[in-house]
Amino acid sequence: MSPVRRVLVLGAGLALLAACSPAPAPSASDSSGAAAASITELDYYADEQGSAAWQKILDTCSAQTGVKVQRQKVPTDQMLPKILQGASSKSLPNLLFTDNPTLQQIAATGALTPLTDYGISTDGYYPSIVKAGTYQDKVYGLAPGVNGLALVYNKDQLAAAGVEPPKTWDDLKAAAAKLTKAGKYGLAFSAIPSEEGAWQYLPFFWSNGADLSRVDSPEAVQALQYLTDLVNSGSASKSVVSWNQNDVADQFVAGNAAMMINGSWNLARLDEQKSLHYGVVTIPVPHAGGKPVVALGGEVGAIPATGGAGQQAAGKVLSCVLSEPVMVQWSKAHAYVPSKTAVAEKFAASQPEMQAFVNEVDTARSRTAELGEKYPKVSQALADALQAALTGKQPPEQALKTAQQASGS
């Protein structure tokens, strides 16, 4: 979750976006196999910090490869409709960096080319990251880095309350209750009715043994009941149903929440608060000794079938983006975890605040690994169930039965 502002909505947006679809790729009819001198690229790093960090990556790889990169960027919620429209009209740019759970849906259109065509290897990558970029046994996308969720806590507030950073659900429940007082909450998280809310529910869902093929299983119900109880008890605000992840960070920075579930990309913002002393641990699990199963966030680079030398040039740029030095450059700039295991381990040693996020990648899961292009429908059903349960419209069991029927999984 790039910062995870994931909106996987299609439908009516396509017609509105047709007029601003990506310009056709530069002419690249060189039959000699030589790479083009210029390519187009599309991404959704629209926020100031993320956009500047990504531009530096593209500048680095442009200088290294000699390929000029004509960058286009759109807001996150416009990205997938724009790509699908471009695939339909055969007007995609040469290089895409898109949210990893959308990869299978894009690949299913036939618009992408396998990365093996460009000599790009998956050796050394976390298996879950390779799965995230795979469609029908071919790798169409790879990420230079990934992000995820962890538990961030206010060291001063926990110390004052005599609370240790929680490791299990029981620990988290007890800590959140003890830290809640005078209008301040023990825990903050996002439960908005979109992929962002589903993404925050998934670590509890998966870590408890639930499976996306049956979203109303007893394990899924238990996970949703757990979050519902935190809200009903007052340990988490009822406003979580309207807070996105930036709002959650606002609450934490303001001291209104002692702990939060949030992503690695927010660490730079926390570091700006000189009086804020925070720590990061992996998301608490149902039982001692368990392993958290978080959803992989971040973007994958993919190369559309635009034809000619433009594809080869895009392959050179993507190879550069995926090289270890650039992988580390991007991870440092955007608080991501490098996608190769050995690189990630060295990275954590030099960036201690990232250790919890690195620890989670081993057991992290691609959101589309189970369902492929069917995932967005299931994700929305889960987000709706989360809203229904946390607002009291339906008990968790009924909310998830409704989700199962809606998702058709």
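What counts as what
Residues numbered from 1 in each chain as written. Predicted model: local features only at pLDDT ≥ 70, side-chain atom pairs only at ≥ 80, totals over all residues. Heavy atoms only, no water. UniProt positions renumbered as here; feature names shortened; annotations may be inferred. Helix = DSSP H or I, 4+ residues; strand = E, 2+ residues; numbered from the N terminus. Rg over C-alpha atoms; globule rule 2.2 N^0.38 Å. Buried < 20%, exposed > 50% of the residue type's maximum accessible area, 1.4 Å probe, protein only. Areas by Shrake-Rupley, 256 points an atom, 1.4 Å probe, with all protein chains shown as cover. Pairing = 2+ DSSP bridges. Axes fitted to C-alpha atoms, helices over the stretch in contact; angles between N-to-C directions. Contact = heavy atoms within 4.5 Å. Arc of directions from axis to C-beta. Phe/Tyr/Trp six-rings, centres within 6.5 Å; stacked < 30°, edge-to-face > 60°. Core = buried A, V, L, I, M, F, W, Y, C linked by side-chain atoms within 4.5 Å. Disulfide = S-S within 2.5 Å. Parallel < 35°, antiparallel > 145°, perpendicular 65-115°, else oblique. Left-handed = near helix turned anticlockwise from the far one by under 90°. Nonpolar A, V, L, I, M, F, W, Y, C, P; charged D, E, K, R; others polar.

Per an unreviewed UniProt entry, the chain is named Extracellular solute-binding protein, and its organism is Amycolatopsis echigonensis. Quoted verbatim from the Sequence similarities (unreviewed entry) heading of the UniProt record, the comment on the chain is "Belongs to the bacterial solute-binding protein 1 family."

**Description of the overall build of the chain**
Within the chain one finds 17 helices and 14 strands. Over its C-alpha atoms the chain spans a radius of gyration of 21 Å, differing by no more than 12% from the 22 Å that the globule rule assigns to 409 residues. For the chain, the C-alpha atoms occupy an extent of roughly 70 × 45 × 35 Å along the three principal directions. Taking all 409 residues of the chain together, the buried fraction comes to 58%. On the chain, roughly 15,700 Å² of surface is accessible, and the fraction owed to carbon and sulfur atoms is 50%.

**Topic: the sheet that holds strand E11 (residues 257-263)**
Read across the open sheet, the four strands follow the order E10-E11-E9-E12; overall the sheet is mixed. On the outer flanks of this sheet lie strand E10 (185-188) and strand E12 (278-281), each paired with one strand and no other. The mean inter-strand angle of the sheet, taken between neighbouring strand axes irrespective of direction, is 20°. Note: E10 against E11, three bridges, orientation parallel.

**Points about the side chain of glutamine 311**
Of note, glutamine 311 is situated in helix H12 (residues 309-321). Not counting chain neighbours up to four residues away, the residues in contact with glutamine 311 comprise Thr113, Tyr118, Ile303, Pro304, Ala305 and Thr306.

**Digging into helix H14 (residues 341-350)**
Buried within H14 we find Val343, Ala344, Phe347 and Ala348. Taken end-on, H14 shows its buried residues confined to a sector of 135°, consistent with a single buried face. Exposed residues pointing more than 90 degrees away from the buried face of H14 are listed as Glu345, Lys346 and Ala349. Residues of H14 that are buried in the fold lie against helix H13 (324-334), strand E14 (337-338) and helix H15 (355-361).

**Observations concerning the environment of threonine 228**
Within the secondary structure layout, threonine 228 lies in helix H9 (residues 218-232). As a C-alpha pair, threonine 228 and lysine 377 span 149 residues in sequence and 23 Å in three-dimensional space. The contact partners of threonine 228, leaving out residues within four places of it in the chain, are Ala389, Leu390 and Pro396.

**Considerations on the packing of aromatic side chains**
Within this structure, the stated rule accounts for eleven aromatic pairs. Look at tryptophan 169 and tyrosine 226: their rings are 4.6 Å apart centre to centre, the planes differ by 20°, and that puts the pair in the stacked class. Of the two residues, tryptophan 169 is situated in helix H7 (residues 169-179) and tyrosine 226 in helix H9; the sequence distance between them amounts to 57 residues. On the basis of relative accessibility, which here comes to 6%, the residue tryptophan 169 falls in the buried class. Measuring from ring centre to ring centre gives 5.5 Å for tyrosine 201 and phenylalanine 205, while their planes differ by 65°; the resulting arrangement is edge-to-face.

**Topic: the nonpolar core**
The nonpolar side chains of a soluble globular protein tend to be buried with one another. In terms of nonpolar packing, the biggest core is built from 139 residues, with Phe189, Tyr201, Phe205 and Met259 touching the most fellow members. Sequence-distant contacts of phenylalanine 205, that is, excluding residues within four places in its chain, are made with Ala210, Asp211, Leu212, Val215, Ala220, Ala223 and Leu382.

**Overview of the state of the cysteines**
Scanning the model with the defined rule gives one disulfide in all. Disulfide pairing is shown between cysteine 61 and cysteine 320; the S-S distance is 2.2 Å. Measuring handedness by torsion sign, the sulfur bridge of cysteine 61 and cysteine 320 sits at about -85° and is left-handed. Placement of the pair is cysteine 61 in helix H2 (residues 48-65) and cysteine 320 in helix H12, with a sequence separation of 259 residues. With respect to burial, cysteine 61 and cysteine 320 carry one shared label: buried.

**A few points about the packing of H9 against helix H16 (residues 375-390)**
Packing of H9 against H16 leaves a shortest axis separation of 9 Å and a crossing angle of 40°. Here H16 runs oblique to H9, going by the angle between their axes. The element H9 and its partner H16 pack so that their crossing is right-handed. Contact residues: H9 offers Leu224, Leu227, Thr228 and Val231, while H16 offers Ala385, Leu386, Ala389 and Leu390. Partitioned by chemical class, the residues of the contact of H9 with H16 number seven nonpolar, one polar and no charged.

**Remarks on the environment of leucine 230**
Note on placement: leucine 230 falls in helix H9. Judged by its relative accessible area of 4%, leucine 230 falls in the buried class. Each C-alpha atom, one on leucine 230 and one on leucine 187, is 8.4 Å from the other, the two residues being 43 residues apart in sequence. When near neighbours in sequence (up to four residues on either side) are disregarded, leucine 230 contacts Lys173, Ala176, Leu187, Ser235 and Ala236.

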